[in-house]
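# Fold and contact review
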Amino acid sequence: MTVETHTAQPEIAANPTQVTNTPPGRKAGRQVSLNGNVSPWLFLGPGLVITLLFGFYPFLRTVFNSFTNARPFDNGEFVGLANYANVFADPLFWVAFRNSLLYVVCVVPFMVVIPLLLALLVQRTIPGIGIIRTAIYTPVVASMVVVVIIWQWMFNDRGLINGMLQSMNVITGPIPFLSNHWLILMCAMVVTIWKGLGYYMVVYLAVLSNVPSELHEAAQMDGAGSFRRFRYVTMPAMRTTMILVGIISSVSAFRVFSEVYLLAGPTSGPGGQDTTLVTLIQSSGTGLSAQLGYSSAVSVVLFVLTLGLLALNLKLTSSKEG
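Residues numbered from 1 in each chain as written. Predicted model: local features only at pLDDT ≥ 70, side-chain atom pairs only at ≥ 80, totals over all residues. Heavy atoms only, no water.

### Side note on the overall build of the protein chain
Each helix and strand counted, the protein chain has 12 helices and zero strands in total. Out of the 322 residues belonging to the protein chain, those deemed buried represent 33%. Taking contacts inside the protein chain between residues at least 6 apart in sequence as the whole, the part at least 24 apart equals 68%. Within the structure as shown, the protein chain displays about 20,800 Å² of accessible surface, and the carbon and sulfur contribution to it stands at 65%. (Helix = DSSP H or I, 4+ residues; strand = E, 2+ residues; numbered from the N terminus. Buried < 20%, exposed > 50% of the residue type's maximum accessible area, 1.4 Å probe, protein only. Contact = heavy atoms within 4.5 Å. Areas by Shrake-Rupley, 256 points an atom, 1.4 Å probe, with all protein chains shown as cover.)

This is the structure we're talking about:
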């Protein structure tokens, strides 16, 4: 006689979601599901708050102050367009505008052309090319204060440049690089160009790596030399990037501050003749006797000029692409 024994088996729920691993004596919590339209804003929220607090609000406050005679610890009163009238009637503003415009005209062509030539040079695979690339890019990561101190030593009356020229009997006396207002401005341009070459070189290198080598090989088989390959193969591929570099460098040159301030000093050169728009904003908008309304008006004018410069560059870009 056989006795069959049956062991009681736990019932398994037909729906797997009904099985929970909740510890005894603890209630199961509700699952929170985020709406697809809400979750992106949770990631963007911190950045948007920082932008609104430290970017958008100061901009609106600057525009508002430009219509008042605000001073430190005094909100001032509404004066309409009086600050803008004072700006355009101020001879120092036109000196600053001239210097900023001259800065753009002199710096931007070098920033567009020289980094491209350097990129073509360091693109070649030759022994020691990594050291050359590092040497060109090092000024980009260096502090602007350190860079200016180095160039101040070179431009000094007893500095490297004057010492070499005098030892070669090229000049009889030191060149006043740091006392003549035109030379100070030119020295600041040299610092700007020297520090920015490596950055734009890397931009060009990234684009040159995407130019198909088959195009160069086909042009070479057709008998095209190095110059013709550069003109008809490299330049068309680099046109958009060159315009982009021109836009970025022109905006940066129009807003130059550190180089001029550190080389010319707080007075912006002899008689303030090396004043740029940004140094004018700094000098008129700081201190206990600061004219915040006037400084804000200059800031708004600089903003409008920058927008106009960007619009001009974009128009040139669209016309060339069309």
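### Some thoughts on the side chain of Lys195
Structurally, Lys195 is set in helix α7 (residues 181-208). There is no salt bridge for the buried Lys195, and the closest opposite charge comes from Glu259, which lies 8.1 Å off by N-O distance. A distance of 2.8 Å separates a polar side-chain atom of Lys195 from the backbone oxygen of Pro139. Setting aside residues no more than four positions away along its own chain, Lys195 makes contact with Pro139, Val140, Ala142, Met144 and Val147. (Lys, Arg positive; Asp, Glu negative; His and termini not counted. Salt bridge = Lys/Arg side-chain N within 4 Å of Asp/Glu carboxyl O. Polar contact = N/O pair within 3.5 Å; in protein donor to acceptor, adjacent residues only side chain to side chain.)

### Examining unusual backbone geometry
In the Ramachandran plot, Asn169 falls in the positive-phi region, its phi being about 60° despite a non-glycine side chain. With respect to the element layout, Asn169 can be found in the loop between α6 (160-167) and α7. The phi angle at Ser268 is positive, at roughly 60°, despite the residue not being glycine. With respect to the helices and strands, Ser268 occurs in the loop between α10 (258-264) and α11 (277-284).

### Quick word on the nonpolar core
Grouped burial of nonpolar side chains is what soluble globular proteins tend to show. Core analysis: the biggest nonpolar cluster contains 56 residues, and Phe93, Tyr103, Val107, Val191, Met201, Tyr204 and Leu263 have the highest contact counts within it. Sort the elements by how many residues they give to this core and α7 lands first, with 13 residues. The residues contacting Val107, other than those within four sequence positions of it, are Met189, Thr192, Ile193 and Ala253. (Core = buried A, V, L, I, M, F, W, Y, C linked by side-chain atoms within 4.5 Å.)

### Quick word on the side chain of Ser268
Since its relative accessible area comes to 6%, Ser268 is described here as buried. If near-sequence neighbours (up to four positions away) are discounted, Ser268 is found in contact with Gln273, Asp274, Thr275 and Thr279.

### Overview of α7
Relative to the 40 Å expected for 28 residues at 1.5 Å per residue, α7 spans 40 Å between its end C-alpha atoms, a close match to the ideal helical length. Where α7 bends most, at Leu197, the angle is about 35°. A distance of 3.0 Å separates the backbone nitrogen of Trp182 from a side-chain oxygen at the start of α7, and that oxygen is part of Asn180. (Expected span 1.5 Å × (residues − 1). Bend = angle between axes of the 7 residues up to and from the residue.)

### Considerations on the confidence of the model for the protein chain
Of all residues in the protein chain, 84% have pLDDT values of 70 or greater, and the mean over the chain is 82. For the protein chain, the element scoring lowest by mean pLDDT is helix α8 (residues 213-221), at 69; helix α2 (residues 82-89) scores highest, at 93. Confidence drops under a pLDDT of 50 for residues 1-8, and excluding neighbours within four residues, the segment shows zero contacts in the predicted structure. Scored below 50 in pLDDT, residues 10-20 makes two contacts in the model with residues more than four places away or belonging to other chains. (pLDDT = per-residue confidence, 0-100.)

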